[in-house]
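Structural characterization, general
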Amino acid sequence: MILIVGGAGYIGSHTNKLLRERGYRTAVFDNLVHGHREFVKGGGFIQGDLSDREQVRLCFAGNPIEAVMHFGAFAYVGESVADPAKYYRNNVANTLTLLETMQEFGVKHLVFSSSCAVYGHAEAIPLTEEHPLRPLSPYGRSKLMIEEILADYDRAYGMKSMSLRYFNAAGADAGGEIGERHLPETHLIPLAIQAALDRRRSLVIHGTDYPTPDGTCIRDYIHVTDLAEAHCKALEYLKRTGQSGFCNLGTGKGASVKEIATLVREISGKDFPSAEAEPRPGDPPVLVADYRKAQELLGWRPERDMGEIILTAWAWHSKERDREENI
Ligand SMILES: NC(=O)c1ccc[n+]([C@@H]2O[C@H](COP(=O)([O-])OP(=O)(O)OC[C@H]3O[C@@H](n4cnc5c(N)ncnc54)[C@H](O)[C@@H]3O)[C@@H](O)[C@H]2O)c1
């Protein structure tokens, strides 16, 4: 059985669904602080919090867990700057509880949700894994700390892990069953779609004077189902090779904020205004992944393009609007 911590959240729920389709037995462990019970499409569900060691131990004692995927974290960069204690407590200290319990129960394989936030300002694009690690926020530092702890756990206890440094997760399940529901929402594509659905007055663009062709930030958007595929391959890699590792997950292609807004307008057929605002502190102008290492190690490559990202996200958020209007 694969234990999916944070599996009621956005990326974890898509991964749970894919693992189930591939024939894996799964159980989701989530405190539902940011997750949604109805996103857990099959497998077991345990409502629990990593901060509660006894709950975590009971989960391991009661289930034949062979490997863990760990998505459970707080992930708002701005909030982490304002309240670092909250981030170090949940993303670092609570992860230690998980690792200690894995160690206690002899579970040796972990796939960890890391982030491109470990890099900081890009010195060269695309970013390879050799790029210096200089995170700009407590959130990014919390991810880097866990990567370092995992390297120590391998050396000392032989625990094998794969840290996946996601770039910007986006899109939704092609079947329309699950998608992105972050409260509050800070991600660009859902915000643009909400503007297209008249659920926001405008799309706020933070910074229009960056050193990029149209002045807005460029990011590498990776379809959430491609991320889920990479998790399956990471699990197979750990079993096959017994080696730890880390790698980027992105597409190698960047899109600017203005390009995304245009694409959302085209695909939705709806126009909406944009409003310009100050750049957000610590937002690097360009982040684009070099994903060759993931290709070499895991045999993974992104299969879904920007069009599919926006189409699946549009379908999901249109359904969400209908759901909320019926509440
Ligand atoms: N969304 C992105 O673009 C992105 C990019 C890079 C990295 N990541 C990382 O990927 C992971 C998943 O991101 P997401 O967008 O799906 O976020 P999410 O908030 O939708 O999912 C995280 C889940 O973890 C749960 N959780 C948090 N703390 C917990 C705890 N102490 N005990 C039990 N459950 C807990 C939440 O309830 C939530 O369901 C996170 O670790 C995030 O840092 C996300």
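In the block above lies the structure referred to throughout.
Residues numbered from 1 in each chain as written. Predicted model: local features only at pLDDT ≥ 70, side-chain atom pairs only at ≥ 80, totals over all residues.

**Quick notes on the overall build of the protein**
Each helix and strand in the protein was counted, giving ten helices and 14 strands. For the protein, the C-alpha radius of gyration of 19 Å lies close to 20 Å, the compact-globule estimate for 327 residues. Viewed in the frame of its principal axes, the protein has a C-alpha envelope of about 55 × 50 × 40 Å. Split into buried and exposed, the 327 residues of the protein put 47% on the buried side. Contacts in the protein between residues at least 24 apart in sequence constitute 79% of all its contacts with a sequence separation of at least 6. (Helix = DSSP H or I, 4+ residues; strand = E, 2+ residues; numbered from the N terminus. Rg over C-alpha atoms; globule rule 2.2 N^0.38 Å. Buried ≥ 20, exposed ≤ 12 C-beta atoms within 10 Å, placed from the backbone. Contact = placed C-beta atoms within 7 Å.)

**Looking at the site of the ligand**
Taken together, 27 residues sit near the ligand, with Gly6, Gly9, Tyr10, Gly35 and Ala73 positioned nearest. Of all the secondary-structure elements, those providing two or more residues to the shell around the ligand are helix 1 (10–21), helix 4 (84–104), strand 5 (109–115) and strand 7 (168–170). Among the elements that take part in the shell around the ligand, helix 1 stands out by supplying three residues, more than any other. Per-class residue counts for the shell around the ligand are eleven nonpolar, 14 polar and two charged. (Near = placed C-beta within 6 Å. Nonpolar A, V, L, I, M, F, W, Y, C, P; charged D, E, K, R; others polar.)

**Focus on unusual backbone geometry**
Here Ile125 and Pro126 are connected by a cis peptide whose omega angle stands at 0 degrees. Checked against the element boundaries, Pro126 lands in the loop between strand 5 and helix 5 (138–157). Between Leu183 and Pro184 the backbone carries a cis peptide bond, its omega angle lying at 0 degrees. Located in the positive-phi region is Leu32, a residue other than glycine, with phi close to 60 degrees.

**As for the nonpolar core**
Formed by 92 residues in total, the largest nonpolar core has its most connected members in Ile189, Ala192 and Leu249. Ranked by residue count, the leading element in this core is helix 7 (residues 224–241), at nine residues. (Core = buried A, V, L, I, M, F, W, Y, C linked by C-beta atoms within 7 Å.)

**Thoughts on the environment of Leu287**
Summarising the element assignment, Leu287 is placed in strand 14 (residues 286–287). The class for Leu287 is buried, based on 23 C-beta atoms found within 10 Å. Residues Leu287 and Tyr221, spaced 66 residues apart in sequence, show a C-alpha to C-alpha distance of 9.8 Å. With sequence-adjacent residues up to four places away left out, Leu287 is seen in contact with Cys116, Ala122, Leu127, Phe167, Arg219 and Asp220.

**A look at helix 1**
Compared with the 16 Å implied by 1.5 Å per residue over twelve residues, the 17 Å span of helix 1 between its first and last C-alpha is a close match. Of all twelve residues making up helix 1, ten are buried, and the element is well covered by its neighbours. Residues of helix 1 that are buried include every one of Tyr10, Ile11, Gly12, Ser13, His14, Thr15, Asn16, Lys17, Leu18 and Leu19, and no others. Among the structural elements, strand 1 (2–5), strand 2 (26–30), strand 4 (67–70), strand 5, strand 7 and helix 7 are those in contact with the buried residues of helix 1. One or two steps after helix 1, the chain reaches Gly23, where phi turns positive at roughly 90 degrees. (Expected span 1.5 Å × (residues − 1).)

**Focus: the sheet that holds strand 14**
Taking strand neighbours across the sheet as the criterion, the three strands line up as 12-9-14 in an open arrangement whose pairing is mixed. This sheet does not close on itself; its edge strands, each paired only once, are strand 12 (255–256) and strand 14. Judged from the two bridges that link them, strand 9 (residues 218–219) and strand 12 form a sheet pairing that is antiparallel. By the bridge assignment, Arg219 is partnered in strand 12 with Ala255. (Pairing = 2+ DSSP bridges.)

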